[in-house]
Amino acid sequence: MTVWDDLVGQEKVSAVLDAAARDADALVTAAAADQPLPETSKMTHAWIFTGPPGAGRNQAARAFAAALQCVSPDRALGGSPGCGFCDGCHTALLGTHADVTSVAAVGSEILVKDMRDTVRKSFTSPANGRWQIILVEDAERLNEKSANAVLKAVEEPAPRTVWLLCAPSIEDVLPTIRSRCRHLNLRTPSVEAVADMLMRRDGIEPEVAASAARATQGHVDRARRLATDPAARERRAAVLKLPLRLDEVGACLRAAQELVDAAAEDAKQLAEEMDGKEAEELKAALGATQGGRMPRGTAGVMKELEDMQKRRRTRTQRDSLDVALGDLTAFYRDVLALQLGTRVALANADAEDALERLARAGTPESTLRRIEAIAACREALDRNVAPLLAVEAMTMALRAG
């Protein structure tokens, strides 16, 4: 199993990255032997991975990082980098490789203080691996200051440093940064490809795999979660029942509260899993005495950790809400398809009775207005509007049609 096997439906991207990884090997070999570098190399120091949600931008970037760090002995015999089994591949894929640094937005932005150490590290030589790799998972969330810090590092990179930036679209990255990067665009994988992956890699029953892939419309991560997590299926089922409940104002407000509460519960579960462990590890690193007493001068560091955890809880809640809003959008799109008599396959075939009921009760125009109301809610959440207010406004608009 190579590192490219996780890139579902991205054969062209995999081929480009495989060729670049081979040329990267040649660059390392030439530099070690003090030979001139190849002029036609497909390898470059900075890459941008774009594509719709669920296409696998981060997975593609991490697979490429693993291929660049691959230490398989088969490479010397002409094998392709990225075996998936060696120590370099394994640690890069797990996120524990010393020379692969990942940066992700904790809150709504990647702050410059979160990038300083990473940018500084990008100018150092690899400690153990073949390359120093910086993977920015949410490049669209770089604010002005942090983007400028990245720009300076990309403009004059160290000889063995590679930047991998991931964003929804090329327009989400500063023009000055993207002009110095090679761009790869991933496409949404087909429902059939995602279902096949779930059966091969996760051992999911064919019917469950097909249903999860169809419901998420090619979103690989969500399809895997839906197929393997009963709680995720229950939450989706509850969301799909919501349109039938909005018959009065009180029901709209209750439905909004339930959506927000479910998202808050997701954030709480993540916090319970991670916050305590992070706090204990930091206390131990700072030299906490027996009984938990902290040394003087460490209160500020603990406060920074608490602030970061609070930003992460907020983002987790809004990401969870966004999943529910995506399910609602897909539901009303199916309603619209029935109203227009198209032959598009329904994403929510398991809720066909509810879809037909709403299709008969409304018009295509009212369904479009409802889809627009969901989009407006998403935009409001992006502008940091209080989640309950944004969702209440949406449920009232869904009732009005």
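Everything numeric here is computed off the predicted structure, so don't read it as measured data.

Sheet architecture is open: five strands sit in the order E2-E3-E4-E1-E5, paired in parallel fashion. Each edge of the open sheet carries a strand with a single partner, namely strand E2 (100-103) and strand E5 (182-185). Taken pair by pair, the neighbouring strands of this sheet meet at an average axis angle of 15°, ignoring direction. The strands touched by helix H2 (residues 57-69) are strand E1 (46-50), E2, strand E3 (132-136) and strand E4 (161-167); relative to E4, the strand with the most contacts, the crossing angle is about 165°.

Further remarks concern the packing of helix H9 (residues 220-228) against helix H10 (residues 230-241). In contact at an axis separation of 5 Å, H9 and H10 are set at 105° when each is read in the N-to-C sense. Between H9 and H10, the angle falls in the class roughly perpendicular. Touching Arg225, Leu226, Ala227 and Thr228 of H9 are Pro230, Ala232, Arg233, Arg235 and Arg236, all from H10. Of the residues contributing to the contact of H9 with H10, the split by class is four nonpolar, one polar and four charged.

Applying the stated criterion across every chain, the model contains two aromatic pairs. For the ring pair Trp47 and Phe64, a centre distance of 5.0 Å and an interplane angle of 70° mean the geometry is edge-to-face. Highlighted residues: Trp47 in strand E1 and Phe64 in helix H2, separated in sequence by 17 residues. Arranged with centres 5.6 Å apart and planes meeting at 85°, the rings of Phe331 and Tyr332 form a pair that is edge-to-face. Given the relative accessible area of 0%, Phe331 is considered buried. The positively charged end of Arg160 is found above the aromatic ring belonging to Trp131, 5.9 Å away from the centroid.

Now for the pattern of salt bridges. Scanning all chains against the criterion turns up 17 salt bridges. With a closest N to O distance of 2.8 Å, Arg130 and Asp25 form a salt bridge. With Arg130 in the loop between helix H4 (112-122) and E3 and Asp25 in helix H1 (residues 11-32), this pair connects stretches of sequence that are 105 residues apart. Asp25 matches Arg130 in its accessibility class, with the two residues each being buried.

Within the secondary structure layout, Thr91 lies in helix H3 (residues 87-94). According to the relative accessible area criterion, Thr91 is buried, its value standing at 14%. Dropping the residues within four chain positions of it, Thr91 is found in contact with Thr96 and His97.

Compared with the 16 Å implied by 1.5 Å per residue over twelve residues, the 16 Å span of helix H7 (residues 191-202) between its first and last C-alpha is a close match. Regarding H7, the residues found buried are Val194, Ala195, Met197 and Leu198. End-on view of H7: buried residues confined to an arc of 155°, all on one side of the axis. Relative to its buried face, H7 has exposed residues pointing more than 90 degrees away, namely Glu192 and Arg200. Packing partners of the buried residues in H7 comprise helix H8 (206-216) and H9.

About the thresholds
- Residues numbered from 1 in each chain as written.
- Predicted model: local features only at pLDDT ≥ 70, side-chain atom pairs only at ≥ 80, totals over all residues.
- Heavy atoms only, no water.
- Pairing = 2+ DSSP bridges.
- Helix = DSSP H or I, 4+ residues; strand = E, 2+ residues; numbered from the N terminus.
- Axes fitted to C-alpha atoms, helices over the stretch in contact; angles between N-to-C directions.
- Contact = heavy atoms within 4.5 Å.
- Parallel < 35°, antiparallel > 145°, perpendicular 65-115°, else oblique.
- Nonpolar A, V, L, I, M, F, W, Y, C, P; charged D, E, K, R; others polar.
- Phe/Tyr/Trp six-rings, centres within 6.5 Å; stacked < 30°, edge-to-face > 60°.
- Buried < 20%, exposed > 50% of the residue type's maximum accessible area, 1.4 Å probe, protein only.
- Lys NZ or Arg CZ within 6 Å of the ring centre and 35° of its normal.
- Salt bridge = Lys/Arg side-chain N within 4 Å of Asp/Glu carboxyl O.
- Expected span 1.5 Å × (residues − 1).
- Arc of directions from axis to C-beta.

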